[in-house]
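Summary of structural features
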Amino acid sequence: MGDYARKWVGSNNEYIKLTWEYIEYLTTVQHSTYGTGIDKIYDGIIYDKYPWEHLGTGDRKSYRGNDLLMITKCLFMICLYSTYCNLDDIDKKALYNNYIDYRSKLLAFCEFNVTNANEFRVCQIPGAHFVMHKELQKYNFCGADKKSPIVTIYYRNEDVAYFPTWHEKGKNKIENPKELKSKLITTDEADAIFKYYAPNNEKIWWTNMIVNGDTAGGADYAQTPSYDEPCLMLYDPQNRNNVNGLHTGPLISEDRDFGPVMRRPNINWMVRMGRVTDSFGARWESYNNIDYYAAIVEKRY
């Protein structure tokens with residue numbers, strides 16, 4: 001082993017110098033966008049590369065692993081050098097102290113924080129930066145005999161399409177309809193997601209962007225859809241009358257549509273939940289009895 005060490009390490013401290021310089025580089029290199037440290041640069045690259053955070057976890061580990069493998073090899077050579085190449089006790093102590101000084105930096109380099117992928121999905125698409133619950137909530141909007149539930153509350157109520165008593169399945173039931181609206185994916189965010197997956201406006205279903213597919217969000221249904229084309233509930237804060245359903249003012253024809261929900265491949269192809277009469281009874285004129293789901297957004301960034 002001593003001959004091996006002398007052959008590969010020699011009798012100088014070049015490996016020591018290069019190793020510490022490499023570690024110093026990893027922790028101090030700067031990027032104008034991503035920040036200081038090669039780990040921050042790696043994470044910035046991965047953030048831009050993947051539409052959903054959990055898809056890049058493997059790359060975060062492998063990028064760091066390649067650097068750590070190089071450092072480990074060099075540290076092994078330093079150990080050989082320290083053991084077999086006639087270092088005195090003072091040099092050995094200095095070598096050990098140097099390692100102790102850099103150990104915290106190496107540990108910090110290995111660590112990275114990602115959102116719990118068992119509970120959440122993080123969308124990283126420009127124009128759609130949000131953290132949503134992994135479970136898609138199931139909704140059912142059709143009341144008994146096609147009557148809108150609790151009519152006295154809903155009549156001329158702009159929150160009618162999002163009232164939580166219509167929540168059917170899932171663990172993230174929200175009691176306040178105004179809060180529910182704020183936690184739905186917006187039409188602008190849905191449009192950004194669609195343009196990312198279909199830059200040439202080709203057909204792609206929302207399920208292949210958010211639920212199924214190699215690069216999709218991997219969300220789960222609270223209840224397996226019974227229809228081939230389930231709908232995703234959206235919210236458009238810029239066009240409240242057409243989105244929220246019943247308007248607070250006089251009910252006119254264009255105010256009676258419930259929606260929007262996205263079912264078609266293109267964001268411009270939306271279906272409405274249905275229509276209600278303008279009488280106090282507020283019965284459904286029509287109701288699209290399809291599976292409706294809501295992605296609950298926990299925060300935006």
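A quick note: this is a predicted structure, and the numbers were derived from the prediction, not measured. (Residues numbered from 1 in each chain as written. Predicted model: local features only at pLDDT ≥ 70, side-chain atom pairs only at ≥ 80, totals over all residues. Heavy atoms only, no water.)

Some points on the overall build of the protein chain
As a reminder, the rule being used: Segments assigned H or I by DSSP are reported as helices when at least four residues long, segments assigned E as strands when at least two residues long, and all are numbered from the N terminus. Relative accessibility under 20% of the residue-type maximum defines a buried residue, over 50% an exposed one, and the middle range a partly exposed one, all with a 1.4 Å probe and only protein chains included. Calculation of accessible area relied on Shrake-Rupley with a 1.4 Å probe; when residues are assessed, cover is drawn exclusively from the protein chains displayed.
Helix and strand counts for the protein chain come out as 10 helices and 15 strands. Residues classed as buried in the protein chain amount to 46% of the 301 residues present. On the protein chain, roughly 15,700 Å² of surface is accessible, and the fraction owed to carbon and sulfur atoms is 49%.

Some thoughts on the packing of helix α3 (residues 38-49) against helix α4 (residues 57-84)
This is how the line gets drawn: Interaxial angle, 0 to 180 degrees, is taken between N-to-C directions of lines fitted to C-alpha atoms, where a helix line uses only the stretch in contact. Any angle from 65 to 115 degrees is called roughly perpendicular, while one under 35 is roughly parallel, one over 145 is roughly antiparallel, and all others are oblique. Crossings are classed by handedness, with left-handed meaning an anticlockwise turn of the near helix from the far one by less than a right angle and right-handed meaning a clockwise turn. Residue contacts follow a heavy-atom distance rule, with two residues in contact if any of their heavy atoms lie within 4.5 Å. Each residue gets one of three labels, nonpolar for Ala, Val, Leu, Ile, Met, Phe, Trp, Tyr, Cys and Pro, charged for Asp, Glu, Lys and Arg, and polar for the others, Gly among them.
It is the contact of α3 with α4, at a shortest axis distance of 10 Å, that shows an interaxial angle of 150°. Taken together, the axes of α3 and α4 are roughly antiparallel relative to one another. The handedness of the crossing between α3 and α4 comes out as right-handed. Contacts from Ile38, Asp39, Tyr42, Asp43, Ile46 and Lys49 of α3 reach α4 at Asp59, Arg60, Tyr63, Arg64 and Asp67. A class-by-class count of the residues in the contact of α3 with α4 yields 4 nonpolar, no polar and 7 charged.

Concerning the sheet that holds strand β15 (residues 297-300)
Put simply, the rule is: For two strands to pair, DSSP has to find at least two bridges joining them.
Read across the sheet, 3 strands follow the order β3-β4-β15 without closing on themselves; strand pairing throughout is antiparallel. The strands lining the two open edges of the sheet, one partner per strand, are β3 (120-125) and β15. Within this sheet the neighbouring strands show an average axis-to-axis angle of 20°, counted without direction. As judged from the 3 bridges shared by strand β4 (residues 128-133) and β15, these two strands associate in the antiparallel manner.

Description of the pairing of β3
β3 sits mainly inside the fold: 5 of its 6 residues count as buried. Here 6 bridges tie β3 to β4, and the two strands are oriented antiparallel to one another. Bridge assignment links Gln124 to a residue of β4, and that residue is His129. In this structure, the hairpin formed by β3 and β4 is closed by a connection of 2 residues, where Gly127 is found at a positive phi of approximately 90°.

Some points on the side chain of Glu53
Counted only if it meets this: Two residue types count as positive, namely Lys and Arg, and two as negative, namely Asp and Glu; His and chain ends fall outside the count. For this analysis, a salt bridge means a side-chain nitrogen from Lys or Arg found within 4 Å of a carboxyl oxygen belonging to Asp or Glu. Counting of polar contacts relies on pairs of N or O atoms within 3.5 Å, with two restrictions inside protein: one atom must be capable of donating a hydrogen and the other of accepting it, and residues adjacent in sequence are counted only when both atoms are side-chain atoms.
Along the polypeptide, Glu53 turns up in the loop between α3 and α4. Summary of buried charges: Glu53 has no salt-bridge partner, and the nearest side chain of opposite charge, Arg60, is 4.4 Å away. Among the polar contacts made by the side chain of Glu53, one reaches the main-chain amide nitrogen of Thr115 at a distance of 2.9 Å. If we ignore the near neighbours within four places in the chain, the residues touching Glu53 are Arg60, Val114, Thr115, Val122 and Gln124.

Some words on the environment of Asn289
Positionally, Asn289 belongs in the loop between β13 (284-287) and β14 (292-294). On a C-alpha basis, the gap between Asn289 and Asn140 in space is 8.1 Å, while along the polypeptide they are 149 residues apart.

Overview of helix α5 (residues 89-110)
Each turn of an α-helix holds 3.6 residues, which means side chains three or four residues apart point in the same direction. Formally: Helix span is expected to be 1.5 Å times the residue number reduced by one. The angle separating two fitted axes, one through the seven residues that finish at a residue and one through the seven that start at it, defines the bend at that residue.
Compared with the 32 Å implied by 1.5 Å per residue over 22 residues, the 31 Å span of α5 between its first and last C-alpha is a close match. Its axis deflected by about 35° at Tyr102, α5 carries its strongest bend there. For α5, the full list of buried residues reads Leu95, Tyr102, Leu106 and Phe109.

Notes on the pattern of salt bridges
Following the criterion strictly, the structure yields 10 salt bridges and no others. Between Asp43 and Arg64 there is a salt bridge whose closest N-O contact spans 3.0 Å. In this pair, Asp43 is assigned in helix α3 and Arg64 in helix α4, connecting sequence segments 21 residues apart. Of the two residues, Asp43 and Arg64, both sit in the buried class. Note that Arg300 is salt-bridged to Glu189, the shortest N-O span being 2.6 Å. You can see Arg300 sitting in strand β15 and its partner Glu189 sitting in helix α8 (residues 187-197), a full 111 residues away along the chain. Among the ionic contacts, a cluster of salt bridges with common partners joins Asp43, Arg60 and Arg64.

What about the nonpolar core?
Note the following rule: Put simply, a nonpolar core is a bunch of buried Ala, Val, Leu, Ile, Met, Phe, Trp, Tyr and Cys residues held in one set by side-chain atoms that sit within 4.5 Å of each other.
Residues Met132, Ile185 and Ile210 are the most contacted members of the largest nonpolar core, which totals 26 residues. Mapped onto this core, the elements with two or more residues apiece are β3, β4, α8 and α9 (207-210). With 5 residues, the single largest contributor to this core is α8. Tyr139, Met233, Tyr287 and Ile290 belong to the second largest nonpolar core, which has 17 residues in total.

With respect to the environment of Thr224
Examined against the element boundaries, Thr224 turns out to sit in the loop between β7 (220-221) and β8 (231-233). Separated by 67 residues in sequence, Thr224 and Asp291 have C-alpha atoms that sit 9.2 Å apart.

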